[in-house]
Amino acid sequence: MAANMYRVGDYVYFENSSSNPYLVRRIEELNKTANGNVEAKVVCLFRRRDISSSLNSLADSNAREFEEESKQPTMTEQQRHQLKHRELFLSRQFESLPATHIRGKCSVTLLNETDILGQYLEKEDCFFYSLVFDPVQKTLLADQGEIRVGCKYQAEIPDRLAEGWGDSAVHGESDNRNQQKMEMKVWDPDNPLTDRQIDQFLVVARAVGTFARALDCSSSIRQPSLHMSAAAASRDITLFHAMDTLQRNGYDLAKAMSTLVPQGGPVLCRDEMEEWSASEAMLFEEALEKYGKDFNDIRQDFLPWKSLASIVQFYYMWKTTDRYIQQKRLKAAEADSKLKQVYIPTYTKPNPNQIISVGSKPGMNGAGFQKGLTCESCHTTQSAQWYAWGPPNMQCRLCASCWIYWKKYGGLKTPTQLEGAARSASEPHSRGHLSRPEAQSLSPYTTSASRAKLLAKNRQTFLLQTTRLTRLARRLCRDVLQPRRAARRPYAPINANAIKAECSIRLPKAAKTPLKIHPLARLPLAAIVKELAAQAPLKPKTPRGTKTPINRNQLSQSRGLAGLVGKRGYEGGGEGHRPPRVRVGASGLPFSANGRPLAAGLRTGAPPASKRQKLNPADAPNPVVFVATKDTRALRKALTHLELRRAARRPNLPLKVKPGLPLRPGGALAPSAPPHPASTSEPIVLED
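Reading the values: rules and limits
- Residues numbered from 1 in each chain as written.
- Predicted model: local features only at pLDDT ≥ 70, side-chain atom pairs only at ≥ 80, totals over all residues.
- Heavy atoms only, no water.
- Helix = DSSP H or I, 4+ residues; strand = E, 2+ residues; numbered from the N terminus.
- Contact = heavy atoms within 4.5 Å.
- Areas by Shrake-Rupley, 256 points an atom, 1.4 Å probe, with all protein chains shown as cover.
- Salt bridge = Lys/Arg side-chain N within 4 Å of Asp/Glu carboxyl O.
- Buried < 20%, exposed > 50% of the residue type's maximum accessible area, 1.4 Å probe, protein only.
- Axes fitted to C-alpha atoms, helices over the stretch in contact; angles between N-to-C directions.
- Parallel < 35°, antiparallel > 145°, perpendicular 65-115°, else oblique.
- Left-handed = near helix turned anticlockwise from the far one by under 90°.
- Nonpolar A, V, L, I, M, F, W, Y, C, P; charged D, E, K, R; others polar.
- Arc of directions from axis to C-beta.
- Patch = residues over 30% accessible without salt bridge, like charges linked within 9 Å, V, L, I, M, F, W, Y side chains within 5 Å.
- Pairing = 2+ DSSP bridges.
- pLDDT = per-residue confidence, 0-100.

Novice: Would you take a moment to explain the overall build of the protein for this structure?
Specialist: From N to C terminus, the protein includes 26 helices and 11 strands. Long-range contacts, defined as pairs at least 24 residues apart, comprise 62% of the intrachain contacts of the protein with a sequence gap of at least 6. When the accessible area of the protein is evaluated, it comes to approximately 48,200 Å², of which 55% is carbon and sulfur surface.

Below, the structure written as structure tokens:
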């Protein structure tokens, strides 16, 4: 019963998503809505996974400084990893959440120098905080409520000076301290005056203060009545001034009275309660309602023209007034009308991320999970209940204990790469982890040449060497790995842990039956290079100064659909214009340069002559460069699109070309049949 009773001031878990960790919040108010539900006004506390990487590095440096100053015992890497899950960041952000989303209580304490960090790992549902996070400014600051406990905050008491003896104090120890830096005595209790004489002098000081306020114009406006002036003159500032006057005059009453009323008139002493106006007092009450006793924020947002000492002094004087008592009564009456506690029953509904075992009712998140998967946190293979975790395509899961740890502390027990993938599954991809050249290379405004130069600076040679278990797993777990599908989707991640676990299960049974290996006869690389070089000889270089003859008929040929749907160059059809040429295939239909037949009604046009781009041997990935000749280009045009794709997928097989398309000396195909008449009225001219 007490565990399910939640009160104002408790730190609790809130669940806003079935797959994400719990939210840690502190209950500030419990309000009942009009429809009968209970809403909790809570203070937000953030985890490390909720802040940016730059703020995480700042928190790491603060943690290292704390460990060095407090001399914490050494911890393992796993303990440091789990300790980050126990650190929270306080904020001043409020939000309202339904009370039915509460999933339990927790404990959050301010980190102290005397605390041992390892103790937080030994306790369940125990967190700590030392920094304050501002969600708007995205900053981390030290908490102002730090309790200064430790050796460096203790007062250093000097040794007592030895007293002299005898007639002279020569044998005594002299005081060599700087007296100007020492404290000054403001009152001597062993003075020659009696208590009655001191009280009479204080009455005289109050009367002088009342008379001084009657002479002051501003005071007469603030305190128009005699009673208000007398009450203001009876405040502590007047009594302190009177006692200080006695101390400075050696407790001589005659000299002290003459000091109270100098030649210019009576001395007027005011404190912060009199210096502040009514509007400034109202601003202070409004700021105190919003920020509490955070005087730095009060001064920054509401009273920037006041000093911090003035605000603090006014606060303690304001607590002695009737205004403070009235507000305290109003808050007490308001608190009585609000709920002080609420009972929330234990949440027993099943989580949607539960993996349903084989044979039970399908349809939940467990459908489609492979056998042999282990827990991503503790790597166990046995658990009473499994939960889907991380991106759906990775098919990761957690056991029951690790799932509870993930929901409460927002991380895994052991560090893993999948934890970062699960954290960023719903977040947009960022380039913060990339170097500057890599980030520039991903820009759409970077050309391929400049991209290659940028990446060449950080390119390093690496070698991926497989183990024997990995090579065995490729053959034993082909149904789990699906190598052909993985080759078609190289960007999809592969769960190597699941494959290794399945391989370890199948390996004892597979050792009895030898694997069937089908060797493939492959030609050596030298033979393939020699054959390709013989089929496509290098084009001889033209000596400098020799003019290369230009084939104008070849420049006017259309080389693709871009010339077909481009600008029509023969609108006039006059004498000076040549009609377009159309190539004709064996079937009698016209076709374009890439082997596809042209649609009826389209006319070819002559694109402008453009200079062919030359291949730079320095940019080639291999030392062997193949240059296409006129015959090979004409051969490509003779092939259909399906044949080209088939040849690209199997470059090691010889290419079979159907006879019946003889080649002309110029490289163009000879027409075999007249074309079908086009839908347009323009004539089609065939050239030999």
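Novice: What is the right way to look at the pattern of salt bridges in this model?
Specialist: Oppositely charged side chains can pair when the atoms bearing their charge come close. According to the stated counting rule, one finds 17 salt bridges in the structure shown. Arg92 is the salt-bridge partner of Asp297, the closest N and O atoms lying 4.0 Å from each other. With a gap of 205 residues between them, Asp297 in helix α11 (residues 295–301) and Arg92 in strand β5 (residues 87–98) connect regions that are remote in the sequence. Notably, a salt bridge pairs Arg506 with Glu502, separated by 3.0 Å at the nearest N-O pair. Here Arg506 and its partner Glu502 are both found in helix α21 (residues 496–510), 4 residues apart, which amounts to about one turn of the helix. A relative accessible area of 11% places Glu502 in the buried class.

Novice: Is there a simple way to think about the packing of helix α7 (residues 236–248) against helix α8 (residues 253–260) in this case?
Specialist: Packed helices, taken two at a time, are described by the angle between their axes plus the distance between the axes. Two numbers describe how α7 lies on α8: the axes approach to 9 Å, and their chain directions differ by 130 degrees. Between α7 and α8, the angle falls in the class oblique. Read as a crossing pair, α7 and α8 show a hand that is right-handed. Residues His241, Thr245, Leu246 and Arg248 of α7 touch α8, and the partners they reach there are Leu253, Ala256, Thr259 and Leu260. Here the contact of α7 with α8 is composed, by residue class, of 4 nonpolar, 3 polar and 1 charged.

Novice: Help me understand unusual backbone geometry, please; the structure alone is not making it clear to me.
Specialist: When glycine is set aside, most residues are seen to have a negative phi, and most peptide bonds are trans. One non-glycine residue, Lys71, lies in the positive phi region at around 55 degrees. Structurally, Lys71 can be placed in the loop between α1 (53–70) and α2 (77–85). Its identity is not glycine, yet Lys138 carries a phi of approximately 60 degrees, on the positive side. By the element assignment, Lys138 lies in the loop between β7 (126–134) and β8 (139–142).

Novice: Would you mind showing me how to read helix α6 (residues 226–233) here?
Specialist: Since there are 3.6 residues in each turn of an α-helix, residues three or four apart along the chain are aligned in direction. Burial in α6 covers these residues: Ser229, Ala232 and Ala233. Taken around the axis of α6, the buried residues stretch over an arc of 100 degrees, which confines them to a single face. Buried-residue contacts for α6 involve α4 (195–215), α7 and α9 (272–275).

Novice: Any chance you could explain a nonpolar patch on the surface here in plain terms?
Specialist: The grouping of Leu523, Leu525, Ile528 and Leu532 at the surface amounts to a nonpolar patch, some 390 Å² of accessible area in total. Along the chain, Ile528 falls in helix α22 (residues 525–535).

Novice: Whenever I open this one, the pairing of strand β6 (residues 102–110) confuses me. Can you help?
Specialist: For a regular strand, side chains alternate in direction, first toward one face of the sheet and then toward the other. Pairing analysis gives 4 bridges linking strand β2 (residues 11–14) to β6, with the strands arranged antiparallel. Across the sheet, Val12 pairs through a bridge with Lys105, a residue of β6.

Novice: Can you walk me through the pairing of β2 in this structure?
Specialist: Residues of β2 alternate between two faces, with Tyr11 and Tyr13 on one and Val12 and Phe14 on the opposite face, all of them buried. Relative to strand β3 (residues 23–32), β2 runs antiparallel, the two being bridged by 4 bridges. Across the sheet, the residue bridging to Val12 is Arg25, located in β3.

Novice: It is not clear to me how the confidence of the model for the protein should be interpreted in this structure. Could you clarify?
Specialist: Should pLDDT be low for a region, the predicted coordinates there are not to be read in detail. Per-residue confidence for the protein gives a mean pLDDT of 74, with 68% of residues at or over 70. Confidence, read as mean pLDDT per element, is least for helix α24 (residues 561–564) in the protein (38) and greatest for β2 (95). Of the regions scoring below 50 in pLDDT, residues 360–368 engages in 13 contacts with residues more than four places distant in sequence or in other chains. When the criterion is pLDDT under 50, residues 666–670 qualifies, and its contacts beyond four places in sequence or with other chains add up to 12 contacts.

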